Each structure stands twice: as C-alpha cells, then as structure tokens.
Amino acid sequence: MSAVRTLDVALGARSYPIWIGAGLLADSARWRAPIRGRHVLVVTNTTVAALYLQRVLAGLAGLQHAHLVLPDGEAHKTLDASGQIFAALAALGASRDATILALGGGVIGDLAGFAAASWMRGIDFIQMPTTLLAMVDSSVGGKTGVNLPQGKNLVGAFHQPRAVVADTGTLATLPVREYRAGLAEVVKYGAINDAAFFAWLEVHADALVARDEAALAAAIQASCRAKSAIVARDEHERGERALLNFGHSFGHALETVAGYGTLLHGEAVAIGMLQAATLSTRLGRADAADATRLARLLTRLGLPVQAPPLDAAALLAAMRLDKKNEGGRLRLILWRGIGQAEIVDAVAEDEVAAVLAGS
Ligand code: NAD
Ligand code: GLY
C-alpha cells in the first residue's frame, strides 16, 4: 500500500471521505467501515470484473453479498441496465440498509449510483472508481443517472456516495485512450477557475502522459480537491457547480449525435472545451490566445481538439435538450480566459451554429 491521501467532501451529516492511493481495493478494513447493513451488491462490468472483482469480493466475507457484471460500454448506461440492478437487489433480499459498491469507470458509477438513489427511495453506495475520469470527476459529487436515446444523462438523481475509494494502482491496466480521456477532466479544473493549476499542467504534461506516479497523484488530488470544494458550496448546481460543465454542452451533443461510445466522454469534453473557448472568442469575451493555449495543452495530452464531421443542425438540436438551458434559451459555460469560466445565458444560436459548423 502506498500512502493514502484523504480528502473530505464537506456536506454536514452526509460528508464523506475520498481515499486516493495504490492498493486501496485490497484495504477492505478501510472501505468496509462505511457499510451500515448486511446486504452488499457489487456492480461492475465484464472488463473490470476480470481484473478487480475478486479483490473486492475477498473483502466482503461475513456479509450477504452478490455481484452483477454488466456489459461494458456507454451504450449500456440505460434504464434497462438499472432494471437489472434492481432485479439483483431484489434477488439478494436487499433492504433499506443495503449498500451498492460501484466498481468501475464513470458508466458503472453513474448507473449503480442511480440504482442506489432509486432502490427503496435511496440506499447507500460506495464509489470504487477504476478510470482516471471517474477518480477525478464522476465518482465525486453525487451526480448519478442514465442516458436516453434522446440525450445523455437525461434521467438521474443527486445521490452522494458514502465514500470514494480511488485505488490508483488500477490505472496501470487502463487503455491509453481512456487514460488520456481522463486527463481532459483534469484540464477542466484549471480551465474553469485555477490558472495556476493550468500552468502546472503545462509544465507536467509530459510526466502525466508518461503516467508518472508523483505527477498523477498530485493531479488526482488537486482535481478531487477542486471538485469537492465546489460540490460542498453548491451541491445541487444552483450556481457555481454549473462551471464544472465547461465543454459539456458541446461534448454531450457530440456524444449523442456521433452515437454513444464513438467518442469517449473525455474526448468529447476536450473538443467541447475548445468549442466553448472558440465561441467565447467569437463573442468577444476572451482572447484567442487563451483558446490556443488550451488547444496546445489538450494536444500535448493526446486529446482530440477537432470535432468529427457531424450534422451541425443535429448537434444544435441536442444542445437544446441540455439540462442547463432555461426558458428554451441556450445557457452555456463560456470563459473570459484560462481560469475564468462563467455562465452565459441566452447565447445566440447562430453563433453556436457557426462554431458547430467549424467556421
Ligand atoms: P467507462 O466507465 O466506460 O470506462 C472506460 C473503459 O475503461 C471501459 O471500457 C471500462 O470497462 C474500462 N476500464 C475501467 N477501469 C479499467 C481499468 N482499471 N483497467 C482497464 N480497463 C478499465 O468510462 P469513463 O470515462 O470512466 O466514464 C464516462 C462516464 O462518466 C460517462 O457516462 C459520463 O457521462 C460519466 N460522467 C459522470 C460524471 C458525474 O459527475 N457523475 C462526470 C463525468 C463523467
Ligand atoms: N461533472 C459535473 C458535475 O459533477 O457537476
């Protein structure tokens, strides 16, 4: 076991720890502490099960437990898959003090968290993120949900986990494309409100690409700290939390129109952040040099910055369904420059369309 870094998501009685360190999945003495009842359901997917399920099951001796192994992929983050989790909970005889362990990336975390939010109107769950993206973003903050054919994450609930167990040792098996996609969400924290962290990322980009342990641990910790601070101040996204969606309105539209799984979420966010930066420049809100710096960093991290050829009208239609919109008008997260994201209401659709069309 490497040294464990502990952060806290401060939400009063619902506060919870984020543990970050290599070897944590085997440290069941630690992660069993927040389990309150007798029933435990581990939810994972085929890929992660083959690698890490036994490690978690070994820590569950003495509890009534079962596991559900779902097919891998964003295409399975569906109501149908959540129905399978409910069926597994019923078969286990899970009562209101049951706990779900979400072992996997953001897809499993969102899906299992949604099932936990819904089963008997809400049971405990523990996030066990195994992708970089899930460690730095999706496992923290309690957003859970599933996709519909009409759009990403359209059905869901805010439901905070009891703990986040980020075993950084699991990142060793993460495919390079997935790893890089996670770095997009790391960049997001610098882009939205921390210019110094953005500059740190520029200095450490090569080390991060090489998965240097110290750089990676520092980046994960900084990201979790940034996210937990925002969540503690604005759990239900009444204001500031929306900044975490920088690049996401564009990105979700790209994911939806390209077909779930074509672009990885982090890749879509990378392209979306640059589109948001480009739009900010078009609208005269930001200097073009900042968008250039963003593009350069994302490119160095091996991320795409150019959208694939997709129908601009379909993308705009997907953006109109975004949860952040109000009163039928587009509300987007734009920026004044690096570290200065802002919520902008009623953005002119023709300007957005121009960016989507790549002009
Ligand atoms: P993912 O869950 O699909 O995982 C990516 C791939 O890596 C999958 O094939 C998975 O099986 C595999 N994998 C996972 N861990 C592995 C490991 N250690 N070794 C080898 N392979 C491994 O994708 P993701 O990028 O983790 O998450 C994307 C999802 O997260 C999207 O659905 C997105 O909407 C959601 N998300 C949610 C939030 C939130 O706040 N709830 C935030 C950001 C993203
Ligand atoms: N991923 C955005 C949020 O958690 O608010």
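Residues numbered from 1 in each chain as written. Chains lettered and ligands numbered in written order. Predicted model: local features only at pLDDT ≥ 70, side-chain atom pairs only at ≥ 80, totals over all residues. Heavy atoms only, no water.

Caption draft 1: Summary view of the packing of helix H7 (residues 195–209) against helix H11 (residues 288–300). Two numbers describe how H7 lies on H11: the axes approach to 9 Å, and their chain directions differ by 20°. Taken together, H7 and H11 sit at an angle that is classed as roughly parallel. As for how H7 packs across H11, the hand of that crossing is left-handed. Every residue of H11 that contacts H7 at Phe198, Ala199, Leu201, Glu202, Ala205, Asp206 and Val209 is listed here: Arg293, Leu294, Leu297 and Arg300. For the contact of H7 with H11, the class distribution of residues is seven nonpolar, no polar and four charged. (Axes fitted to C-alpha atoms, helices over the stretch in contact; angles between N-to-C directions. Helix = DSSP H or I, 4+ residues; strand = E, 2+ residues; numbered from the N terminus. Parallel < 35°, antiparallel > 145°, perpendicular 65-115°, else oblique. Left-handed = near helix turned anticlockwise from the far one by under 90°. Contact = heavy atoms within 4.5 Å. Nonpolar A, V, L, I, M, F, W, Y, C, P; charged D, E, K, R; others polar.)

Caption draft 2: Focus on the site of ligand 1. Taken together, 28 residues are adjacent to ligand 1, and Glu74, Thr130, Thr131, Lys152 and Thr173 come closest. A distance of 2.8 Å is found between an oxygen atom of ligand 1 and a backbone nitrogen or oxygen belonging to Gly106. One of the side-chain nitrogen or oxygen atoms of Thr131 is found 2.6 Å away from an oxygen atom of ligand 1. About the coverage of ligand 1: the protein hides 91% of its 860 Å² of free accessible area. The set of elements that each furnish at least two residues to the shell around ligand 1 consists of helix H2 (46–57), helix H4 (106–118), helix H5 (132–138), strand S8 (151–158) and helix H6 (176–193). Ranked by residue count, the leading element in the shell around ligand 1 is H2, at four residues. Broken down by class, the residue content of the shell around ligand 1 amounts to seven nonpolar, eleven polar and ten charged. (Near = heavy atom within 4 Å. Polar contact = N/O pair within 3.5 Å; in protein donor to acceptor, adjacent residues only side chain to side chain. Areas by Shrake-Rupley, 256 points an atom, 1.4 Å probe, with all protein chains shown as cover.)

Caption draft 3: Region of the structure containing the nonpolar core. The biggest cluster of nonpolar side chains holds 75 residues, and the ones touching the most others in it are Leu132, Val187, Ile220, Phe250, Leu294 and Val352. Look past the residues within four positions of Leu294 in its chain and what remains in contact with it is Val187, Phe198, Met273, Leu274, Ala277 and Trp335. Ala88, Ala102, Phe125 and Val146 belong to the second largest nonpolar core, which has 23 residues in total. (Core = buried A, V, L, I, M, F, W, Y, C linked by side-chain atoms within 4.5 Å. Buried < 20%, exposed > 50% of the residue type's maximum accessible area, 1.4 Å probe, protein only.)

Caption draft 4: Main features of the site of ligand 2. As a matter of local geometry, ligand 2 sits amid Asp137, Lys143, Lys227, Glu237, Arg241, Leu244 and Asn245. The contact in question runs from a nitrogen atom of ligand 2 to an N or O atom on the side chain of Asp137, over 3.2 Å. In the environment of ligand 2, an oxygen atom lies 2.5 Å from a nitrogen or oxygen atom belonging to the side chain of Lys227. Relative to its free-state accessible area of 200 Å², ligand 2 is covered by the protein chains to the extent of 90%. Residues that form the shell around ligand 2 fall into these classes: one nonpolar, one polar and five charged.

Caption draft 5: Broad picture of the packing of aromatic side chains. Per the counting criterion, the structure on display carries three aromatic pairs. Taking the centre distance of 5.8 Å and the plane angle of 20° together, the rings of Phe197 and Trp200 count as stacked. You can see Phe197 and its partner Trp200 sitting in helix H7, three residues apart, about one turn around the helix. By relative accessible area, Phe197 is classed as buried at 9%. (Phe/Tyr/Trp six-rings, centres within 6.5 Å; stacked < 30°, edge-to-face > 60°.)

Caption draft 6: Representation of the pairing of S8 in the model. Across five bridges, strand S7 (residues 143–148) lies against S8 in antiparallel orientation. When the sheet's bridge partners are listed, Leu148 is paired in S8 with Gly151. Connecting the antiparallel pair S7 and S8 is a turn made up of two residues. (Pairing = 2+ DSSP bridges.)

Coordinates in, geometry out; function isn't part of it.
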